[in-house]
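# Structural features, examined
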Amino acid sequence: MTDRELDRVIEMAWEDRTPFEAIESQFGLSESQVIKLMRRELKESSFKMWRKRVNSGVSQKHLKKRSEEINRFKCSRQRSISLNKIT
């Protein structure tokens, strides 16, 4: 994984509205692999804060926990990005 791809995965993982399924679709990383990556790349306190937020009711990192009103798979600002390639 390139540094740019790594940065993008971390950015997507930090975004509350980007589900793990989107990361898996673009980068082939499962939720457990993303968690391992975040644990490795973040400071311990940052990782704990991220995990706490992901496991709280605030984050919508899991499609099953999302409101049915949210039907898009990615942020509207990402329309020009497809499978991590700028089109």
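These figures come from a predicted structure and were not determined experimentally.

Turning our eyes to something else, we now look at the overall build of the protein. A count of helical and extended segments in the protein gives four helices and two strands. When each of the 87 residues of the protein is scored for burial, the buried share is 33%. In the protein, once contacts between residues fewer than 6 apart in sequence are set aside, the share between residues at least 24 apart is 61%. When the accessible area of the protein is evaluated, it comes to approximately 6100 Å², of which 49% is carbon and sulfur surface.

This next bit is on the nonpolar core. Formed by 18 residues in total, the largest nonpolar core has its most connected members in Ile-23, Leu-29, Val-34, Leu-37, Met-38 and Trp-50. Sorting the residues of this core by element identifies α1 (3–14), α2 (20–27), α3 (31–41) and α4 (44–55) as the ones contributing at least two each. The dominant element in this core, judged by the number of residues it contributes, is α1, at five residues. Beyond its immediate sequence surroundings of up to four residues, Val-34 is in contact with Ala-13, Phe-20, Ile-23, Leu-29 and Trp-50.

Here we come to the packing of α3 against α4. In the contact formed by α3 and α4, the axes pass within 8 Å of each other and the chain directions differ by 150 degrees. Comparing the axis directions of α3 and α4 gives the class roughly antiparallel. The residues of α4 that touch α3, namely those facing Val-34, Ile-35, Met-38 and Arg-39, are Phe-47, Trp-50 and Arg-51.

Across all of its chains, the model carries two aromatic pairs by this definition. Judged by centre distance (6.4 Å) and plane angle (85 degrees), the rings of Phe-20 and Trp-50 are edge-to-face. With Phe-20 in helix α2 and Trp-50 in helix α4, this pair connects stretches of sequence that are 30 residues apart. Ring geometry for Phe-47 versus Trp-50: centroids 6.0 Å apart, planes at 40 degrees, classification tilted. Of the two residues, Phe-47 and Trp-50 are both situated in helix α4; the distance of three residues between them amounts to about one turn of the helix. In this pair, the class of Phe-47 matches that of Trp-50, namely buried. Through successive ring pairs, a cluster of aromatic residues spans Phe-20, Phe-47 and Trp-50.

Definitions and cut-offs
- Residues numbered from 1 in each chain as written.
- Predicted model: local features only at pLDDT ≥ 70, side-chain atom pairs only at ≥ 80, totals over all residues.
- Heavy atoms only, no water.
- Helix = DSSP H or I, 4+ residues; strand = E, 2+ residues; numbered from the N terminus.
- Buried < 20%, exposed > 50% of the residue type's maximum accessible area, 1.4 Å probe, protein only.
- Contact = heavy atoms within 4.5 Å.
- Areas by Shrake-Rupley, 256 points an atom, 1.4 Å probe, with all protein chains shown as cover.
- Core = buried A, V, L, I, M, F, W, Y, C linked by side-chain atoms within 4.5 Å.
- Axes fitted to C-alpha atoms, helices over the stretch in contact; angles between N-to-C directions.
- Parallel < 35°, antiparallel > 145°, perpendicular 65-115°, else oblique.
- Phe/Tyr/Trp six-rings, centres within 6.5 Å; stacked < 30°, edge-to-face > 60°.

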